[in-house]
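A structural walkthrough
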Amino acid sequence: MTTVLISGGGIAGSALAHLLRRRGLEPTVVERSPAPRRGGQAVDVRGVALEVVDRMGLLEQAREVRTRMRGMSVLDADGNEIHRSTEATFSSGRLDSADIELLREDLVRLLHERTRQDVEHLFGDSLTALTENEDGVRADFAHGSSRTFDLVVGADGLHSTVRQLVFGPQERFSRHLGSYVSVFSAENFLGLDNWQTWLRDGDAGFGIMPVRDNTELRIAFGFESGPLDGDHRDTGWLRGLVTEKLGALRWEAARLAKAAAEAPDFYCDAMAQIHVDRWSRGRVALLGDAGYCASPLSGQGTSLALVGAHVLADELGRAGTGHRAAFTRYEERMRPFVTINQALATENPGGPASEESVARAKNAIRLDA
């Protein structure tokens, strides 16, 4: 049985683990976090990615936990409403669409439940080295003993360890998109009822939505900036920066800054894309954000991860196909889909891509080769 080490237990890695197991391979997932990660923004499952979720038997469960927005308000910098819509929101698009918006942590939970019984998980650990030989790839871990696997897949996000170990430093592949985003939760101090609020103040702004039956807010705060000179894992430094910028807003500054300072799930990172000439090298391949991050500005990162997991598992599961041919076919099938979806992030700087572009991009691939 082919053994596959998957670095990253998020959406891409968990989906791949489930799909590989169904095809008779033996995946192992290593995840830096001590448990499936909580927190994060709402994500969208769109177009052909809905079929992937359906094939995994999770479509009805995903629909059950989807967000239930009634609409949104757009405010000026002083908090005055300048636009409202009951037809669409910036986060999910048209409310009458078949697409599904749900919290990232809910999708991760659904995927993990599909794998926790029959897939080995190494939580609280990470890779420190990968060495390929004729028999496979030796993986060295920060805490566990070294092991050898037939194949390795990096599904470990924008700052992929696998990509750095095998393909090279991040600066060779990352394209900064001119801004940063911070996501965190808070009590529903605005009293929002399935209604989003969006505001821009100078070079910063936010979108706020209520979740968990309106008991909690998820706040996505963005600000324009070139690449910051600091460690992306230094949460204390980033939290201080975000808190300061929120405190400078003209509307709800104090409560927003307090929420960022106290949030247990605070997150902040660059809006960036990853462009790698080839997504595989030897016995190692990249999946999702690790290989082709489109950035949250595209609205398609989750769909790319799910579809990529399906295509990669499909190719690796073909009888008689070696990993080189499987990786080549995976890239041939996915590359055009990735290109059109990455373009959504830059189509309309400062705003969402057009409905026509999104509709074209989200269905620009066939699941069955």
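Residues numbered from 1 in each chain as written. Predicted model: local features only at pLDDT ≥ 70, side-chain atom pairs only at ≥ 80, totals over all residues. Heavy atoms only, no water.

Moving on, we come to the overall build of the protein chain. A count of helical and extended segments in the protein chain gives 12 helices and 20 strands. Its C-alpha radius of gyration of 20 Å places the protein chain within 12% of the 21 Å reference for a compact globule of 369 residues. Seen through its principal axes, the protein chain has C-alpha atoms that stretch 65 × 40 × 35 Å. A total of 369 residues make up the protein chain; the buried ones form 55% of that total. A separation threshold of at least 6 residues defines the contact pool for the protein chain, and within that pool the share at least 24 residues apart is 69%. Within the structure as shown, the protein chain displays about 16000 Å² of accessible surface, and the carbon and sulfur contribution to it stands at 45%. (Helix = DSSP H or I, 4+ residues; strand = E, 2+ residues; numbered from the N terminus. Rg over C-alpha atoms; globule rule 2.2 N^0.38 Å. Buried < 20%, exposed > 50% of the residue type's maximum accessible area, 1.4 Å probe, protein only. Contact = heavy atoms within 4.5 Å. Areas by Shrake-Rupley, 256 points an atom, 1.4 Å probe, with all protein chains shown as cover.)

For the rest of this paragraph, the subject is unusual backbone geometry. A negative phi angle characterises most non-glycine residues, just as the trans form characterises most peptide bonds. For Asn194, which is not glycine, the phi torsion reads 45° and is therefore positive. One non-glycine residue, Ser295, lies in the positive phi region at around 80°.

Core analysis: the largest hydrophobic core is formed by 76 residues, its most contacted members being Leu16, Leu287, Leu306, Val307 and Met334. With 9 residues, the top contributor of residues to this core is helix α9 (residues 301–316). Of all hydrophobic cores here, the second largest spans 28 residues; its members include Ala186, Val242, Ala259 and Phe266. (Core = buried A, V, L, I, M, F, W, Y, C linked by side-chain atoms within 4.5 Å.)

A word on the packing of helix α1 (residues 11–22) against helix α4 (residues 104–115). It is at 9 Å that the axes of α1 and α4 come closest, and there the two elements cross at 25°. Taken as axis vectors, α1 and α4 run roughly parallel relative to one another. Between α1 and α4 lies a crossing whose hand is left-handed. From α1, Ile11, Ser14, Ala15, Ala17 and His18 reach across to α4, where they touch Arg104, Leu107, Val108, Leu111, Arg114 and Thr115. (Axes fitted to C-alpha atoms, helices over the stretch in contact; angles between N-to-C directions. Parallel < 35°, antiparallel > 145°, perpendicular 65-115°, else oblique. Left-handed = near helix turned anticlockwise from the far one by under 90°.)

This brings us to the sheet that holds strand β13 (residues 151–154). The strand order β9-β2-β1-β13-β20-β19 describes an open sheet built from 6 strands, whose pairing is mixed. Both edges of this open sheet fall to β9 (120–123) and β19 (280–281), since each of them pairs with a single strand only. Bridge analysis of β19 against strand β20 (residues 284–286) gives 2 bridges, and the strand direction is antiparallel. What sits directly across from Arg281, in β20, is Val284. (Pairing = 2+ DSSP bridges.)

This brings us to the sheet that holds strand β5 (residues 81–85). Taken in spatial order, the 7 strands line up as β5-β4-β15-β16-β17-β14-β18 in an open sheet, and their pairing is mixed. Both edges of this open sheet fall to β5 and β18 (267–274), since each of them pairs with a single strand only. Across the sheet, the axes of successive neighbouring strands diverge by a mean angle of 20°, strand direction being ignored. The sheet contacts of helix α6 (residues 235–247) involve β14 (174–187), β17 (216–224) and β18, and relative to β17 the element is tilted by about 90°. This element, helix α7 (residues 253–262), spans β14, β16 (204–211) and β17 of the sheet and lies at about 95° to β14.

Take the side chain of Glu216 next. Checked against the element boundaries, Glu216 lands in strand β17. Within the structure, Glu216 has its side chain in polar contact with the side chain of Arg218 (distance 2.8 Å). Those residues in contact with Glu216 that sit more than four places away from it in its chain are Ser185, Ala186, Asn188, Met209, Pro210 and Val211. (Polar contact = N/O pair within 3.5 Å; in protein donor to acceptor, adjacent residues only side chain to side chain.)

Along an α-helix, residues three or four positions apart point the same way, because every turn accommodates 3.6 residues. For helix α12 (residues 355–362), the complete set of buried residues consists of Ser357, Val358, Ala361 and Lys362. Here the buried residues of α12 occupy an arc of 115° about the axis, which is enough to place them on one side. Residues of α12 that are exposed and point over 90 degrees away from its buried face: Glu356 and Arg360. Structurally, α12 contributes buried residues whose contacts are with α2 (48–55), α10 (323–342) and α11 (344–347). (Arc of directions from axis to C-beta.)

We now examine the pattern of salt bridges. Once the charged atoms of two side chains with opposite charge are near each other, the side chains can pair. Under the criterion given, the structure shown has 28 salt bridges. When the shortest N-O distance is used, the salt bridge between Arg94 and Asp96 registers 3.0 Å. Exposure remark for Asp96: the relative accessible area of 59% places this residue in the exposed category. A salt bridge links Glu113 to Arg109, with the shortest nitrogen-to-oxygen separation between them at 3.5 Å. Placement of the pair is Glu113 and Arg109 together in helix α4, with a separation of 4 residues, close to one helical turn. The class of Glu113 is partly exposed, set by a relative accessible area of 38%. Shared partners join several salt bridges into a network, and the residues in it are Arg38, Glu105, Asp106, Arg109, Glu113, Arg212, Glu216 and Arg218. (Salt bridge = Lys/Arg side-chain N within 4 Å of Asp/Glu carboxyl O.)

According to the stated counting rule, one finds 7 aromatic pairs in the structure shown. Between Phe206 and Trp251 the ring centres are 6.2 Å apart and the planes differ by 20°, which places this aromatic pair in the stacked class. Residue Phe206 is located in strand β16, and its partner Trp251 is located in the loop between α6 and α7; the two are separated by 45 residues in the primary sequence. Taking the relative accessible area as the measure of exposure, Phe206 reaches 2% and is therefore buried. Grouped by ring-pair contacts, the aromatic residues Tyr180, Phe221 and Phe223 constitute a single cluster. (Phe/Tyr/Trp six-rings, centres within 6.5 Å; stacked < 30°, edge-to-face > 60°.)

On to the environment of Ala364, then. Here Ala364 is to be found in the segment after α12. Not counting chain neighbours up to four residues away, the residues in contact with Ala364 comprise Phe337 and Ile340.

Read these as geometric descriptors, not functional statements.
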